[in-house]
Structures are given as structure tokens and as C-alpha cells.
Amino acid sequence: GPALGRSCHRQQSSGSGSGSASGSARPQPLEPSLLRFLVCPLSKRPLRYEESTNELINEELGIAYPIIDGIPNMVPEAARMTHKKPPAEGSEQP
Amino acid sequence: VRLWRCRCRALLSRPAGAVRARRGLAAGPEMHFGFQSVTEEERREKIYQVFENVAKKYDVMNDSMTLGIHRVWKDILMHKMNPCPGTLLLDVAGGTGDIAFRFINYVRSVRQRQLQRKLKHHQDLSWQEIFESYQKDKFNSLGDSQVVVCDINREMLKVGKQKAQHLGYSEGLSWVLGNAEELPFDDDKFDVYTIAFGIRNVTRIDLALQEAYRVLKPGGRFLCLEFSHVSNPLLSRLYDLYSFQVIPVLGEVIAGDWRSYQYLVESIRQFPPQEELKAMIEDAGFFKVDYENLNFGIVAIHSGFKL
């Protein structure tokens, strides 16, 4: 009935990032302690964690490294240029 | 089988120019992939493929090929490291997590002993004080030790992460996809850097060693566990026989992939021997570089310090 439909919709729109309790349904967040160590492999400069796209951003070079299944993908080949449109949420699931 | 023997003979008549490529230095476009000659780019791709293919069967194959002895080698590495709680470890090419899990077990048990000793010296505490000390230390069972596992291969990391979940490892452990030649870590960060059975697969070993030096703190230790060269001639022949006759067959039977294991045994032969690797480690800036042969040189642990 309509009540069931409404609750399903609410689940789908509950969004990204925080709390990976449901596992593969949502993008897993980055392990916070990693931010102490991680830098851009190319410039060795600090990165900014962008929660909305689940990426690590190097503002200076304008590149973003994806975090897939909670694992940051810190190779230049995986990075994208930040002036391009970020990928749609949920589309990066393997 | 006969084909492999012919390729062995072809290897012996290789031109001397291949030696530079063999050492994983900045050679020309020619590099080795096992006994094949390939470009640097091809080599990286092929090696990525090898580990993508074997990832799920990696642990099973390790046990079969080495008759379980690889576990002892890794235990010895951990005892040599002798980490104390609070140590920050970077395990490169650590894929399926063997070294990381051993590290966690080790510091956890050292920490346990520390806490027990502490408690023994406080025999006259009140129950309240004892309760509070348990609360405090419960959340510090690793004593702030941490291990970061870095690997270039997504499949290997996936297997490692699943194993960690399965075995209940979560605290103090993180996973990063990265290249040993171009590490995504800041300078002077880690107490120990390990690379176990991984450096052989790195295309530019000199770069990997430089990166290892960079990310270690002053006083930090570099440890490399890798297949090496057997000098004893009789043993060497038996080892060759086992490597070339048995291992690829095991690879086909267990993992359905003899080619990857053919690469493995060939890559061992191509890898620099103990003294040469020692020199390369020294070139990267490490001091007090030394090595310890295990099983007559089938495996060696190289160690160096950043001072």
C-alpha cells in the first residue's frame, strides 16, 4: 500500500557516507586515522577528505582520489580532475 | 616440462646487458618478466594480472608450495621486528594481510604482559581502582599500535580485508591502494616498513627503496622478507627441480593457473642475490644493512635503519 511505498522511498534517499552498517549498499567512509598519513602520491602534499563524493582532494593539483569500499585508491591512474563533474552518487559501486 | 628446461638453458646464454634490467634499476625499455623480456609498462600490467588471478587462492597456494613453511618465515620476521606497543607499521605489498595480522597479535600479547606486570605491582588497589584501570586499558589493547597495509592490487586488498573481517581484526588496521614506487604517505611517518614477498614484483626496486627511506622516521627500520639465492650447489639443484617441476603443476591443479606460478619461480631466479640487494638498500641511504638467510638462502630477511 502507500505506507509501504513511502518507507521504501525514505530508505533510498537516506544518502551517503556516514555509518557503513548496511555494508555494500552505501559507500564506506574512510578510516579517520588514515588522514594522518595520507598525502598525494605525486606531490606528497596534504589532501582534503570530501565526504559528499567520498574522495580525497588535492586542491593544488586539482585532482581527486576515489575511496572504493573504504579503501582509498591512491594511484594517479585512478584520480580524476576536479574541474570535471563528479560522478553521480552510487555509480562507483563495483 | 621440456619447454621449461629449454627456457632455462636459454636463460644461461642471456646477454650481459640484461643484468641492469635484472637489478630493477632505471634500465632502458627492456625489462624482465620472469624469463621473458618486456617493456616496463608490459611488466607492470602482467604482474598486476598475475596477482589479480591468484588473489583468491593466494594463501592456499602459499601453504601448498612451501608446505606451510612460509608461516614460519613470517613469524621469524615478526620476532626480528620485535615491535613494542605504540609502533606504527607500514606493510607494503601486504595484500592478504599476513604480516599485518601477525603484527597485531604480537603487540597485543606484549601489551597484555605489560598490563599484567602493572597489575602485579599494584596489589593493594581498591576494587574501584582496579575496575577503572580495566576500563581505561580495555580500549587500548594494542597500546596505540597501528598498521597500514598498502598494495597496488585491488583484488589482493579485497581478500585481505575479508580475511580481517573473518578473523576479527579491525582496530589499528587500515588498507590503502598504492604503488610502492610512489607511496601516498608523508615523510618521516612510520617506525617500521616491511615488504614481504613483494619487492620481487616491483618494477623499479630503487624507487621503492627510496620511498621506503622517505616515509620512515629517523631511527625507523626497513625489513624485507624475500626469496633469495641458494649458494649450496646440491641444494640449489633440488630447489630448482622443485621450483620448476612441482610448483607450476601445483599452480594448475590448485589455482587453475600454471602460468602465474611459472612467472613466480622465474621471478625468484631473476631477483638480485643477497649481497646485491644489500648494496641497493645501502644506496637508498639505509645504515647497518644486514641480512639473515633462512633455509640456506631460499629466503632472506634484509634489514636496514634510517638514521
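Owing to the predicted nature of the structure, the values given are computational and were not obtained by experimental measurement.

## A closer look at the overall build of chain B
- When you go through chain B residue by residue, the secondary structure sums to twelve helices and nine strands.
- Within chain B, buried positions represent 53% of all 307 residues.
- Counting contacts in chain B only where the partners sit at least 6 residues apart, residues at least 24 apart contribute 76% of the total.
- A total of about 14,700 Å² of accessible surface is found on chain B, and carbon and sulfur atoms cover 55% of it.

## Considering the interface of chain A and chain B
- Every contact between the two is made by 20 residues of chain A and, on the other side, 22 residues of chain B.
- It is A:Phe37, A:Lys44 and A:Ile71 in chain A that bury the most area against chain B; as a group they hold 38% of the surface buried on that side.
- Linking chain A with chain B are one salt bridge, by the criterion used here.
- The partner of B:Glu211 in a salt bridge is A:Lys44, with the nearest N and O atoms 2.9 Å apart.
- Here chain A and chain B share nine residue pairs in polar contact (both at pLDDT 80 or more) between them.
- Its residues assigned to classes, the side of chain A that touches chain B shows twelve nonpolar, four polar and four charged.

## Quick notes on a negative patch on the surface
- Taken together, the side chains of A:Glu77, B:Glu41, B:Glu42 and B:Glu45 define an acidic patch exposed on the protein surface.
- The residue B:Glu45 is located in helix α3 (residues 40-54) in this model.

## Some points on the pairing of strand β3 (residues 63-68) of chain A
Residue and element names in this part refer to chain A.
- Of all six residues in β3, six are buried, a share of seventy percent or more.
- Residues Ile63, Tyr65 and Ile67 point to one face of β3 and Ala64, Pro66 and Ile68 to the other, with burial holding for every one of them.
- Taken together, strand β2 (residues 55-58) and the strand that follows it, β3, pair antiparallel across an intervening segment of four residues, in which Gly62 is found at a positive phi of about 70°.
- Where β3 lies against strand β5 (residues 80-81), two bridges are found, and the strand directions are antiparallel. Considered in β5, the bridge of Ile63 is made with Met81.
- In this structure, β3 lies alongside strand β4 (residues 71-72), joined through two bridges in antiparallel fashion. By the bridge assignment for β4, Ile68 is matched with Ile71.

## As for the nonpolar core
- The biggest cluster of nonpolar side chains holds 56 residues, and the ones touching the most others in it are B:Phe103, B:Val147, B:Leu173, B:Trp175 and B:Leu225.
- For this core, the element with the most residues is helix α6 (residues 98-120) of chain B, which contributes eight residues.
- The residues touching B:Leu173, leaving out its near neighbours within four places in the chain, are A:Glu31, B:Ala100, B:Phe101, B:Ile104, B:Val147, B:Val149 and B:Ala164.
- Core analysis: the next-biggest nonpolar cluster, separate from the first, contains 40 residues, B:Phe185, B:Ile199, B:Leu209 and B:Phe271 among them.

## What about α3(B)?
All names here are of chain B.
- End to end, α3 covers 22 Å across 15 residues, agreeing with the expected 21 Å (1.5 Å per residue, within 8%).
- Arg43, Ile47, Val50, Phe51 and Val54 are the residues of α3 that are buried. What you see down the axis of α3 is that its buried residues fit within an arc of 85°, all on one side.
- Structurally, α3 contributes buried residues whose contacts are with β1 (30-33), β2 (36-39), α4 (58-66), α8 (154-167) and α11 (258-270).

Cut-off values and rules
Residues numbered from 1 in each chain as written. Chains lettered and ligands numbered in written order. Predicted model: local features only at pLDDT ≥ 70, side-chain atom pairs only at ≥ 80, totals over all residues. Heavy atoms only, no water. Helix = DSSP H or I, 4+ residues; strand = E, 2+ residues; numbered from the N terminus. Buried < 20%, exposed > 50% of the residue type's maximum accessible area, 1.4 Å probe, protein only. Contact = heavy atoms within 4.5 Å. Areas by Shrake-Rupley, 256 points an atom, 1.4 Å probe, with all protein chains shown as cover. Buried area = accessible area lost by both parts, 1.4 Å probe. Salt bridge = Lys/Arg side-chain N within 4 Å of Asp/Glu carboxyl O. Polar contact = N/O pair within 3.5 Å; in protein donor to acceptor, adjacent residues only side chain to side chain. Nonpolar A, V, L, I, M, F, W, Y, C, P; charged D, E, K, R; others polar. Patch = residues over 30% accessible without salt bridge, like charges linked within 9 Å, V, L, I, M, F, W, Y side chains within 5 Å. Lys, Arg positive; Asp, Glu negative; His and termini not counted. Charge placed at Lys NZ, Arg CZ, Asp CG, Glu CD. Pairing = 2+ DSSP bridges. Core = buried A, V, L, I, M, F, W, Y, C linked by side-chain atoms within 4.5 Å. Expected span 1.5 Å × (residues − 1). Arc of directions from axis to C-beta.

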